[in-house]
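If you want the building blocks of each chain, they are given just below.
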Amino acid sequence: MSTQADIAAAHLRLEQVSCRIGPRAVLEGLELDLRFRALGVVGRNGSGKSTLARLLAGLMAPDAGQLRLCGVDVAADRAAALSTVGILFQNPDHQIIFPTVLEEVAFGLRQQGLRRRDADDAARAVLAAFGKAAWEEAPVSTLSQGQKSLVCLMSIVAMRPRVLILDEPFAGLDIPTKAQLMRYLGRYHGSVIHVSHAPEDLADCETVLWLEQGRIRDVGASGTVLPAYLAEMTRQGEGDDISDLPG
Ligand SMILES: Nc1ncnc2c1ncn2[C@@H]1O[C@H](COP(=O)(O)OP(=O)(O)OP(=O)(O)O)[C@@H](O)[C@H]1O
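Residues numbered from 1 in each chain as written. Predicted model: local features only at pLDDT ≥ 70, side-chain atom pairs only at ≥ 80, totals over all residues. Heavy atoms only, no water.

1. Looking at the sheet that holds strand β7 (residues 191-195)
Read across the open sheet, the six strands follow the order β5-β6-β7-β3-β8-β9; overall the sheet is mixed. Looking at the sheet topology across the chains shown, the edges are occupied by β5 (85-88) and β9 (215-221). Averaged over all adjacent pairs, the angle separating strand axes in this sheet is 15 degrees, with direction ignored. (Pairing = 2+ DSSP bridges. Helix = DSSP H or I, 4+ residues; strand = E, 2+ residues; numbered from the N terminus. Axes fitted to C-alpha atoms, helices over the stretch in contact; angles between N-to-C directions.)

Here's what the structure looks like:
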């Protein structure tokens, strides 16, 4: 998995990256130059984690500044982005677009330029590697949420991106399903960026980036950043900022 020493570290470079949604500055002046195999992104609800995840996946471009993941401008160079980064969202229903498992897993491979037959063969090989050859013709609509999440994971693993972004993908799942998916995740060969508000999800990350109100509050070794984050969250929990309406 991502912590193995034989995985080439991914390189993330942010230069004064800012992002607005409507009139609102959601991320502001992010500056970072980091090599990692497992990077955690932590922060409160609304701190900008998902927006950063979408930027890192190249699904949107920053309004200002420059972002490079493994040297690739992932928003501008979509072809290179497909082999650089994949993202797993919390709700698999937002990700899955095809009626059967094989079509879904093959789709990304076709996007990468494989012909239909080659993409189908490669998708079958991935299903077999996950012990899910029997799922090939299964209608996705009949699968459980956990099974749909696994289909999304297999679809991304099939594309072999260097970096996998997890945006709280297992948040709504029960404990055994989450544990099983985490085990399947161990078959992914590349680096991981794991986004979560919960420090316990990020225990395997060597480095953690802490976002606060769209800015980097801290970045460093997880053993230092996570306890500081937890202490601050406990302190803020004693207040009542839930009463504050957005400005
Ligand atoms: N499509 C949108 N339209 C308007 N505002 C948005 C949109 N997406 C995000 N925002 C706002 O941008 C800010 C950052 O949102 P984002 O989802 O990136 O934070 P987050 O840290 O992932 O939060 P959460 O943990 O709740 O998912 C929030 O204040 C949110 O309300």
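2. Re the site of the ligand
Near the ligand, the surroundings consist of Ile21, Arg24, Val26, Arg44, Asn45, Gly46, Ser47, Gly48, Lys49, Ser50 and Thr51. Arg44 places a main-chain nitrogen or oxygen 3.4 Å from an oxygen atom of the ligand. Between Thr51 and the ligand, the recorded distance is 2.5 Å, taken from a side-chain N or O atom to an oxygen atom. Contact with the protein chains removes 57% of the 630 Å² of surface that the ligand exposes when unbound. If you list the elements that add at least two residues to the shell around the ligand, you get β2 (24-36) and α1 (49-56). Per-element accounting of the shell around the ligand gives the leading share, three residues, to α1. Looking at the shell around the ligand residue by residue, the classes come out as two nonpolar, six polar and three charged. (Near = heavy atom within 4 Å. Polar contact = N/O pair within 3.5 Å; in protein donor to acceptor, adjacent residues only side chain to side chain. Areas by Shrake-Rupley, 256 points an atom, 1.4 Å probe, with all protein chains shown as cover. Nonpolar A, V, L, I, M, F, W, Y, C, P; charged D, E, K, R; others polar.)

3. With respect to the pattern of salt bridges
Considering all chains together, one arrives at 13 salt bridges under this definition. Between Lys148 and Asp93 there is a salt bridge; the shortest N-O distance is 3.0 Å. Taken together, the positions of Lys148 in helix α5 (residues 145-159) and Asp93 in the loop between β5 and α3 (101-111) put the pair 55 residues apart, joining distant regions of the chain. According to the relative accessible area criterion, Asp93 is partly exposed, its value standing at 41%. The salt bridge involving Arg124 is made with Glu136; its shortest N-O contact spans 3.0 Å. Residue Arg124 is found in helix α4 (residues 116-129), and its partner Glu136 is found in the loop between α4 and α5; the two are separated by 12 residues along the sequence. Sharing partners across several salt bridges, the network here consists of Arg13, Glu15 and Asp33. (Salt bridge = Lys/Arg side-chain N within 4 Å of Asp/Glu carboxyl O. Buried < 20%, exposed > 50% of the residue type's maximum accessible area, 1.4 Å probe, protein only.)

4. Observations regarding the packing of aromatic side chains
Under the definition given, this model contains three aromatic pairs. One residue, Lys132, lies across the ring of Trp135, its end atom 5.7 Å from the ring centre. (Phe/Tyr/Trp six-rings, centres within 6.5 Å; stacked < 30°, edge-to-face > 60°. Lys NZ or Arg CZ within 6 Å of the ring centre and 35° of its normal.)

5. Considering the state of the cysteines
For the coordinates displayed, the defined rule picks out zero disulfides. There is no disulfide at Cys70, and the cysteine sulfur nearest it, in Cys205, is 16 Å away. Residue classification places Cys70 among the buried residues on the basis of a relative accessible area of 17%. Residue classification places Cys205 among the buried residues on the basis of a relative accessible area of 7%. (Disulfide = S-S within 2.5 Å.)

6. Describing unusual backbone geometry
Glycine aside, a negative phi is what most residues show, and trans is what most peptide bonds show. The backbone phi angle of Cys70 is positive, close to 50 degrees, even though this residue is not glycine. Its identity is not glycine, yet Gln213 carries a phi of approximately 45 degrees, on the positive side. Relative to the elements of secondary structure, Gln213 occurs in the loop between β8 (207-212) and β9. With relative accessibility at 70%, the residue Gln213 sits in the exposed group.

7. Here we look at the pairing of strand β6 (residues 163-167)
The buried fraction of β6 is high, at five of five residues. Because side chains alternate across β6, one face comprises the buried residues Val163, Ile165 and Asp167, and the other comprises Leu164 and Leu166, equally buried. Pairing of β5 with β6, which is carried by four bridges, proceeds in the parallel orientation. Considered in β6, the bridge of Val85 is made with Val163. Where β6 lies against β7, five bridges are found, and the strand directions are parallel. Bridge assignment links Leu166 to a residue of β7, and that residue is His194. Handedness of the β-α-β unit built from β6, helix α6 (residues 175-185) and β7 comes out right-handed. (Right-handed = clockwise from strand over helix to strand, strands pointing away.)

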